[in-house]
Structure formats: structure tokens, C-alpha cells
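Tertiary structure, described
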Amino acid sequence: AQSVSQHNHHVILSEAASLELGCNYSYGGTVNLFWYVQYPGQHLQLLLKYFSGDPLVKGIKGFEAEFIKSKFSFNLRKPSVQWSDTAEYFCAVTANQAGTALIFGKGTTLSVSS
Amino acid sequence: ETGVTQSPTHLIKTRGQQVTLRCSSQSGHNTVSWYQQALGQGPQFIFQYYREEENGRGNFPPRFSGLQFPNYSSELNVNALELDDSALYLCASSLTSGSYNEQFFGPGTRLTVL
């Protein structure tokens, strides 16, 4: 069965610090990869996605993620975080088949102090 | 364009009762997926409906059932409620089924079982 691991449960950073959130998945076939964000009091929304092609994908609000197939990883990065990036971040995967269930990691809470 | 809406926002039930949660999909979307998010966890896939038919199911018992209507809105029904059913229930709609389609999430229904 597919699974997603997010290694950092809670990350605390100061504004302007760089961010990297780890995500590893287990699945032997072709996958689609996603990062979702949930700002306080708001819906889950898509930050970025990878289906194929360039393994470095750029999303909204200056976020990017790199797919490293050999490491089964899809880490999220941002060079300089802002207070407004305080949120819960979820990595998710779907198998590139008929099934469309998103399999989520447990999430990482990011707290940014100004 | 109206996004995904869910009702009610909050619900309190007692063990053994039954509950129905409702979801209106985003305009033009024919696929609805339901997820359960327990406290401190990532969302877990319950099932998906595509054009009024169940199109995939996660590891949830049969007392979790659903419906999709001709207007593509959907219901999640849970019978014989248990304490562990306390969670945030998320509905997500997508343009169609298939793992390439972005899922747009609603705000969720917070269910508390006493």
C-alpha cells in the first residue's frame, strides 16, 4: 500500500529563514505528487504538483519542490519564509492509475515568528 | 464561481447514532471525494463518487456510505457512530475522475461523538 512520511512534525523559523520540509513516499509505480497548505481557519489548498517532466516544480507564493525518484522524495522548499507562511503543510501522492485517492502524510506545522 | 461547500459546519452526536454530512461540488465538477481528518493527522481517503457511482474506497467499514446526486452534490452517511469517528470530514471535488485532476477542498464538517 502507498504511504507518505513527513519527517518534521513542527518547524519553527524566524522570518527570512530558509525552509525545507521533507516528504518521502512508498510506492513502486508512477506517482503524482502534491503539496497542500492549510492556513489557519482556511480550506486545504494546493501549493504545487508534479506529474511528469522537470523534477523541480514551482508553486504559488514562492514555494518549490524537487522530485528525486531514486530517493522517493518530494521535498518542499522556500528560500525566505514570511510570517504569513505560518500554516499546516501536507504532502500527498496519487498513483498514476485509475484510482484517484490522495494519500496524505501526517502534516508539518510551520510557525514563523516576525 | 462557487467553491466547494459543506454542511453543517459542526455537529455533535452520541455513540450509536447516525449522521449525514453534505457537500456541494464546485460548478462543473462531476467527481466528489470524502476524507476523514483526525486530530493531528493528515486526511484519510474514505471514498470517491464519479457520475453518481462509487469510484474507489479506502479502508473504512461499510457503516460509512455515500451518495452522489444528479447535480453532483454528495452525502456521507455514517451509521452506529463510534467515539473514534470524531474528526473533521472533508469533501473535495474535481473536474472529473483520474489522478491528474486537482481536488478542491471544502471547509469541512467537524463531527464530535460523545
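Structure shown above.
As the structure is a prediction and not an experimental result, all values here were calculated from the model.

Now for the interface of chain A and chain B. In this assembly, 21 residues from chain A lie in contact with 19 residues from chain B. Across the interface of chain A and chain B, roughly 1700 Å² is buried in total on both sides, 54% from carbon and sulfur atoms. It is A:His43, A:Leu44 and A:Thr100 that lose the most area in chain A upon contact with chain B, and together they represent 30% of the buried surface on that side. Across the chain A-chain B interface, the total number found is 0 salt bridges. Linking chain A with chain B are 3 residue pairs in polar contact (both at pLDDT 80 or more). Contributions of two or more residues to the side of chain A that touches chain B are made by strand S5 (31–38), strand S6 (44–50) and strand S10 (87–95) of chain A. Counting residues per element, the side of chain A that touches chain B draws most heavily on S5(A), which supplies 4 residues. Split into classes, the residues belonging to the side of chain A that touches chain B amount to 10 nonpolar, 9 polar and 2 charged.

The next subject is the nonpolar core. Residues and elements named next belong to chain A. Trp 35, Leu 48, Phe 74, Leu 76 and Tyr 89 are the most contacted members of the largest nonpolar core, which has 28 residues in total. Those elements that provide at least two residues to this core are strand S2 (10–14), strand S3 (19–21), S5, S6, strand S8 (64–68), strand S9 (73–78), S10 and strand S12 (108–113). Setting aside its immediate chain neighbours within four residues, Leu 48 contacts Leu 33, Phe 34, Trp 35, Val 57, Lys 58, Gly 59, Phe 63, Glu 64, Ala 65, Phe 74 and Leu 76.

How each quantity is defined
Residues numbered from 1 in each chain as written. Chains lettered and ligands numbered in written order. Predicted model: local features only at pLDDT ≥ 70, side-chain atom pairs only at ≥ 80, totals over all residues. Heavy atoms only, no water. Contact = heavy atoms within 4.5 Å. Buried area = accessible area lost by both parts, 1.4 Å probe. Salt bridge = Lys/Arg side-chain N within 4 Å of Asp/Glu carboxyl O. Polar contact = N/O pair within 3.5 Å; in protein donor to acceptor, adjacent residues only side chain to side chain. Helix = DSSP H or I, 4+ residues; strand = E, 2+ residues; numbered from the N terminus. Nonpolar A, V, L, I, M, F, W, Y, C, P; charged D, E, K, R; others polar. Core = buried A, V, L, I, M, F, W, Y, C linked by side-chain atoms within 4.5 Å. Buried < 20%, exposed > 50% of the residue type's maximum accessible area, 1.4 Å probe, protein only.

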